Amino acid sequence: MKIRVLALVLLIGAVACSTATAGVYAGWKSYSDVCQDEDSKAKGAASVGVDYRMGLLRIVKLGLGLEYSWGDIDYDCLLCEDTSFKHVGARAEAIVPIFSPSITEFYIGGGLSYNWFFDVSIGGCDVKDNSTGIHGLAGVKIAPPVLPVWFTVEGRYEWLGKDPQITVGGVHLGVGFGF
């Protein structure tokens, strides 16, 4: 029964799909309160990722993404030792185009994520290994006519976990191909 429902959902998605795009992106992120019980910020975390977006009836796009980030954590305390970390996040999101003049498209959206933190380089930093999160995003997509290539600039704000709640703000530049 579950396989039939999944097959039906995929079939409906394929029929209703007006566009599908896949791309890669790189970005710069800022994390706050990465370590529990410490006031910490990671101001210069880099990220790379891939995403896939499928348009449904030109009203909403559904997306999946996988992102890898790494950076250094700076503590506000003078006696605390700085550390580094790595972060992998898997996202599912809904995106709504709000304005589409000429070859550009402005959009907003949001979604859910599952996040893994690892290789935290100091024992005193108590970071959960994994956490769920939510995020909001806004961006612009530029798609030259005739070419199946697009470019994006996207801002994303994320809330990860509950205790401590890590907030992440970032800007991402992407390139991809439509099919």
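What you see is a predicted model, and the numbers here were worked out from it, not measured in a lab.

(A) Just the side chain of Glu67, in detail. In this fold, Glu67 is placed in strand S3 (residues 60–75). Classification of Glu67 as buried rests on a relative accessible area of 6%. Looking at Glu67, its side chain comes within polar contact range of the side chain of Tyr25, at 2.8 Å. Polar contacts involving the side chain of Glu67 include one to the side chain of Lys29, which spans 2.4 Å.

(B) A look at the pairing of strand S5 (residues 104–118). Judged from the 13 bridges that link them, strand S4 (residues 83–99) and S5 form a sheet pairing that is antiparallel. Directly across from Ala90, in S5, lies its bridge partner Tyr114. Remark: four residues form the turn of the hairpin made by S4 and S5, two consecutive strands paired antiparallel; Ser102 in that turn has positive phi of roughly 50 degrees. Here 13 bridges tie S5 to strand S6 (residues 130–142), and the two strands are oriented antiparallel to one another.

(C) Region of interest: the side chain of Glu154. Positionally, Glu154 belongs in strand S7 (residues 149–160). Classification of Glu154 by relative accessible area gives buried; the value is 5%. At 2.9 Å, the side chain of Glu154 forms a polar contact with the side chain of Arg53. A polar side-chain atom of Glu154 sits 3.3 Å from a polar atom in the side chain of Arg156. Look past the residues within four positions of Glu154 in its chain and what remains in contact with it is Arg53, Tyr107, Leu137, Ala138, Gly139, Gly170, Val171 and His172.

(D) Focus on the pairing of S6. Bridge analysis of S6 against S7 gives ten bridges, and the strand direction is antiparallel. Bridge pairing in S7 places Gly133 opposite Leu160. What sits between S6 and S7 in their antiparallel hairpin is a turn of six residues, with Val146 showing a positive phi close to 75 degrees.

Parameters and conventions
- By convention here, each chain's residues receive numbers from 1 onward along its written sequence.
- Two thresholds apply to this predicted model, a pLDDT of at least 70 for residue-level local features and 80 or more for giving and counting side-chain atom pairs, whereas whole-chain, interface and lining totals are computed over all residues.
- The basis for every side-chain value is the complete set of heavy atoms in the structure, and neither hydrogens nor water enter the calculation.
- Secondary structure is summarised from DSSP: a helix means a run of H or I of at least four residues, a strand means a run of E of at least two, and numbering begins at the N terminus for each.
- To sort residues, take the accessible area from a 1.4 Å probe on protein chains only and compare it with the maximum for the residue type: under 20% means buried, over 50% means exposed, and anything in between is partly exposed.
- N or O atoms closer than or at 3.5 Å make up a polar contact, with two conditions inside protein: a donor-capable atom paired with an acceptor-capable one, and, for residues adjacent in sequence, both atoms drawn from side chains.
- For two strands to pair, DSSP has to find at least two bridges joining them.
- We call two residues contacting when some pair of their heavy atoms lies within 4.5 Å.

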